[in-house]
There are 2 protein chains.
Amino acid sequence: MNIKEAAERTGLPAKTIRYYETIGLIAPARQDNGYRDYSDTDTHTLAFLGRARSLGFSIEDCRALLALYDDRARSSAEVREIALGHLARIETKIAELEAMRDTLGGLVEACHGDARPDCPILADLASEKR
Amino acid sequence: MNIKEAAERTGLPAKTIRYYETIGLIAPARQDNGYRDYSDTDTHTLAFLGRARSLGFSIEDCRALLALYDDRARSSAEVREIALGHLARIETKIAELEAMRDTLGGLVEACHGDARPDCPILADLASEKR
DNA sequence: CTTGACCTTCCAGTCACTGGAATCCCTATG
DNA sequence: CATAGGGATTCCAGTGACTGGAAGGTCAAG
């Protein structure tokens, strides 16, 4: 099938699919006219990538996961380790964002938000300490 | 003062301070030898930027906040609007990450993580639906 | 006079795409 | 048969916010 159908089936933009090819995540066959020719296996791989990316795995994680997926001798421990590492990064990021949210939320609440110029948000950003 | 001292005072890397200059966030004086010369006002601005960035504001938000900070005729409502927009983006991001964490956490828990190859994580990534 | 720390500019790379230009291919219609 | 459209190709450049590194200039100490 052509790239457009592969895109529709996987939900990935055609641009992204081509990009995945340039970085070696997939290697579809070519038709006589030079068009890419995606097999069901290819779309399966692309969908796998789409789901892994939607869980926030990096491209390199995806590459590793794909290799493990194709490796019948894999241990589930290897997969789990990648997932755990990613989970830790997610938790860290969430904690960072929550800290931002809490600080910023407090400032927004303290700011009356009217026509007057005095503003606790700017005052906090300008303050020496913290 | 030279860039190194400005960096130490503000906690920002010298590279970042130079970068902020190239994008027009700050414009320190120059000494005769061409070295940048930071005033106390400059380091104050840099510290402001550092705190705004640490709250996750984008560079463009920072630029706007700085302009408002310098504008005596500002309304706190303008500041608050920027902060609210940013807060909304943070909340969205947190929700996305929490969804990832929940899904991934469930999969990690379901995976025994030993030498055997069968793995619910890979099974989920490879599954047709979801 | 040399060493070493500091400063300068400029170029390239990061991550994962995304947009756009120029060009080619295929099918259908007038 | 010419042409219009929709799709395909490649390649280049840009995103955000830095960060690393190269090549070279400046300054104070020993």
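Residues numbered from 1 in each chain as written. Chains lettered and ligands numbered in written order. Predicted model: local features only at pLDDT ≥ 70, side-chain atom pairs only at ≥ 80, totals over all residues. Heavy atoms only, no water.

For chain A, an unreviewed UniProt entry supplies the name Cu(I)-responsive transcriptional regulator and the organism Pseudooceanicola nanhaiensis. Word for word, the UniProt comment on chain A under Subcellular location (unreviewed entry) is "Cytoplasm". (UniProt positions renumbered as here; feature names shortened; annotations may be inferred.)

All right, on to the protein's contact with DNA strand D then. Taken together, 19 residues sit near DNA strand D, with Arg36 of chain A together with Lys15, Tyr20, Tyr35 and Arg53 of chain B positioned nearest. Protein-proximal atoms of DNA strand D, defined as those within 4 Å of the protein, fall in sugar or phosphate at a share of 67%. Take lysine 15 of chain B: an N or O atom from its side chain is 2.2 Å from a base oxygen of DNA strand D. Tyrosine 20 of chain B places a side-chain nitrogen or oxygen 2.6 Å from a phosphate oxygen of DNA strand D. Those elements that provide at least two residues to the surface near DNA strand D are α1 (3-10) and α2 (14-22) of chain A together with α2 (14-22) of chain B. For the surface near DNA strand D, the element with the highest residue contribution is α2 of chain B, accounting for four residues. Of the residues that constitute the surface near DNA strand D, the class distribution is seven nonpolar, five polar and seven charged. (Near = heavy atom within 4 Å. Polar contact = N/O pair within 3.5 Å; in protein donor to acceptor, adjacent residues only side chain to side chain. Helix = DSSP H or I, 4+ residues; strand = E, 2+ residues; numbered from the N terminus. Nonpolar A, V, L, I, M, F, W, Y, C, P; charged D, E, K, R; others polar.)

What surrounds DNA strand C is a group of 19 residues, the closest being Lys15, Tyr20 and Arg53 of chain A together with Lys4 and Arg36 of chain B. Of what DNA strand C places within 4 Å of the protein, 70% of the atoms are sugar or phosphate. A distance of 2.7 Å separates a phosphate oxygen of DNA strand C from a polar atom in the side chain of tyrosine 20 of chain A. With respect to DNA strand C, the side chain of arginine 30 of chain B contributes an N or O atom lying 3.3 Å from a phosphate oxygen. Elements represented by at least two residues in the surface near DNA strand C include exactly α2 of chain A together with α1 (3-10) and α2 of chain B. For the surface near DNA strand C, the element with the most residues is α2 of chain A, which contributes four residues.

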